[in-house]
Amino acid sequence: MSDRPQAFDTLQIHGGAAPDPATGARQVPIYQSTAFVFQDADHAARLFNLQEVGYIYSRLTNPTVAALAERITHLEGGAGGICCSSGHAAQIMAFFPLMMPGCNIVASTRLYGGTYTQLTQTIKRFGWSAKLVDFDDLDAVKAAIDDDTRAIFCESIANPGGYITDLDAIAKIADDAGIPLIVDNTSASPYLCKPIDHGATLVVHSTTKYLTGNGTVTGGAVIDSGKFDWSANDKFPSLSQPEPAYHGLTFHEVLGPMAFTFHSIAVGLRDLGMTMNPQGAHYTLMGIETLSLRMQKHVENAVKVAKWLEADDRIESVTYAGLESSPYFDRVARICPNGAGALFTFAIKGGYDNCVKLINSVELFSHVANLGDARSLIIHSASTTHRQLTDEQRQAAGALPNVVRVSIGIEDADDIIADLDQALTKALA
Ligand SMILES: *Cc1c(COP(=O)(O)O)cnc(C)c1O
């Protein structure tokens, strides 16, 4: 093979996969097996000591799941990665090697609704906490970091408002503080945004969304850049010091850029068990083969629909960052050079009641909590995904009562527009 680095369109099909050595099967087989036979006692010991890479038990690793993890790692430009059972599992798996009771995460106020709750409520049970600040206010981000901060967390394209984070600026702050930047790249996908190129240490995904692309399975991934020096300070003892949960192995010293990935497998997946199953990995491997084609069409349609909405006098505002009227339009070319995604909100005249009527009147759009499906999806965030939040939190997150969130699919753009047109007519009648 030539030394030429393969391009995205090639890696999304070939990354992590080779013809099956046993059968020649061209597609990645679904290795529906819980356990893998050791050659002998010595082989088993080498695998358990991480002296040799291989398969032991599918809670830790499985060949189908590993092919997917490797493929996403290629697409994100990382050193290593793992898959897990959902996007929320991926977030916990990303925090787990970094955090101890008493530690905190500095996170953006603009987050997926479930992430908001995970960070502000659920992680308290582990003795962790999160400080949510406006990531456009760089001084506020800096000021929020204290001696117990172990990570900065944000979304590249933030749900639900189509907000784009200035990843370079945030990565610089993380760097200066000696802590990793974790970026949830779900709404962008690696085709639109490569957080590692902008200085992110870890990238998390809900593979449930664009990576699978057809709304079939839940899954998650954590990709490590391999560039963070876990031993530069004493903040990350699980990686830089002997790990008591893995017979005193010093992961960073022994595994270098693969320290985080191996810790996530050998301790995280082993003990937390948030494992992706091979059948789920299969669906995502199928979906990911067409990622770039789908994302191009998602973006093309989103631009058309957003422009149509913006010009319609029944609409008060549209948040799509791909519109010149967006305050984030300038960031698109730098952070998301292939487009601003297909997720945005719009406000309609008549407020909450008319939003509910609109949702009840759509025909082509599906009223669901999902996003990143081939189908166009719609939801009223304030009464659903962001329901648990206070009014102030909803305001900060961009989930106001008079806005609906759309995830524009890859159907014909004129059909999508026609459906919104008829539903708006009914809503405002
Ligand atoms: C859906 C989503 C999640 C959670 O992922 P699940 O697979 O549903 O657990 C996290 N972040 C973002 C941006 C999402 O869209």
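Note that the structure is predicted; figures quoted are calculated from it, not measured. (Residues numbered from 1 in each chain as written. Predicted model: local features only at pLDDT ≥ 70, side-chain atom pairs only at ≥ 80, totals over all residues. Heavy atoms only, no water.)

## Points about the site of the ligand
Stage number 1. Near the ligand, the surroundings consist of 15 residues, among which Gly-87, Asp-184, Ser-206, Thr-208 and Lys-209 are the closest.
Stage number 2. The separation between an oxygen atom of the ligand and a polar main-chain atom of Gly-87 is 2.8 Å.
Stage number 3. Take Lys-209: an N or O atom from its side chain is 2.7 Å from an oxygen atom of the ligand.
Stage number 4. Compared with its free state, where it exposes 380 Å², the ligand has 93% of that area covered by protein.
Stage number 5. A per-element tally of the shell around the ligand places helix H4 (residues 87-95) first, with three residues. (Near = heavy atom within 4 Å. Polar contact = N/O pair within 3.5 Å; in protein donor to acceptor, adjacent residues only side chain to side chain. Areas by Shrake-Rupley, 256 points an atom, 1.4 Å probe, with all protein chains shown as cover. Helix = DSSP H or I, 4+ residues; strand = E, 2+ residues; numbered from the N terminus.)

## Side note on the state of the cysteines
Stage number 1. This structure, assessed with the given rule, holds zero disulfides.
Stage number 2. Cys-154 takes part in no disulfide bond, and the closest cysteine sulfur to it belongs to Cys-193, at a distance of 9.3 Å.
Stage number 3. Residue classification places Cys-154 among the buried residues on the basis of a relative accessible area of 0%. (Disulfide = S-S within 2.5 Å. Buried < 20%, exposed > 50% of the residue type's maximum accessible area, 1.4 Å probe, protein only.)

## Looking at the pattern of salt bridges
Stage number 1. Counted under the stated rule, the structure contains 16 salt bridges.
Stage number 2. Across the pair Arg-331 and Asp-136 runs a salt bridge, and its minimum N-O distance is 2.9 Å. In this pair, Arg-331 is assigned in helix H14 (residues 329-335) and Asp-136 in the loop between strand E3 (129-133) and helix H6 (138-144), connecting sequence segments 195 residues apart.
Stage number 3. Assessed through its relative accessible area of 17%, Arg-331 is described here as buried.
Stage number 4. Judged by its relative accessible area of 31%, Asp-136 is partly exposed.
Stage number 5. The residue Lys-172 makes a salt bridge to Asp-176 at a minimum N-O spacing of 2.8 Å. Placement of the pair is Lys-172 and Asp-176 together in helix H7 (residues 167-177), with a separation of four residues, close to one helical turn. Like Lys-172, the residue Asp-176 is exposed in the burial classification.
Stage number 6. Salt bridges linked by common partners bring Arg-110, Asp-134, Asp-136 and Arg-331 together as one network. (Salt bridge = Lys/Arg side-chain N within 4 Å of Asp/Glu carboxyl O.)

## A few points about the domain arrangement of the chain
Stage number 1. Partitioning the chain into structural domains gives domain 1 (14-287) and domain 2 (291-427).
Stage number 2. The gap between the C-alpha centroids of domain 1 and domain 2 is 29 Å.
Stage number 3. Residue-level contacts link 37 residues of domain 1 with 42 residues of domain 2.
Stage number 4. Across the domain 1 to domain 2 interface the summed buried area is about 3200 Å²; carbon plus sulfur atoms make up 58%.
Stage number 5. Three residues, Pro-160, Tyr-191 and Tyr-210, lead the burial of domain 1 against domain 2; their summed loss comes to 25% of the area buried on that side. (Domains from an automatic or database assignment. Contact = heavy atoms within 4.5 Å. Buried area = accessible area lost by both parts, 1.4 Å probe.)

## Quick word on the sheet that holds E3
Stage number 1. Taken together, seven strands build an open sheet; the order of strands is E1-E9-E8-E7-E4-E2-E3 and the sheet is mixed. Looking at the sheet topology across the chains shown, the edges are occupied by strand E1 (80-84) and E3. Taken over all neighbouring pairs, the strand axes of this sheet differ in orientation by 20° on average, direction set aside.
Stage number 2. Bridge count between strand E2 (residues 104-108) and E3: five bridges; the pairing is parallel. Its bridge partner being in E3, Asn-104 is matched across the sheet by Ser-129. (Pairing = 2+ DSSP bridges. Axes fitted to C-alpha atoms, helices over the stretch in contact; angles between N-to-C directions.)

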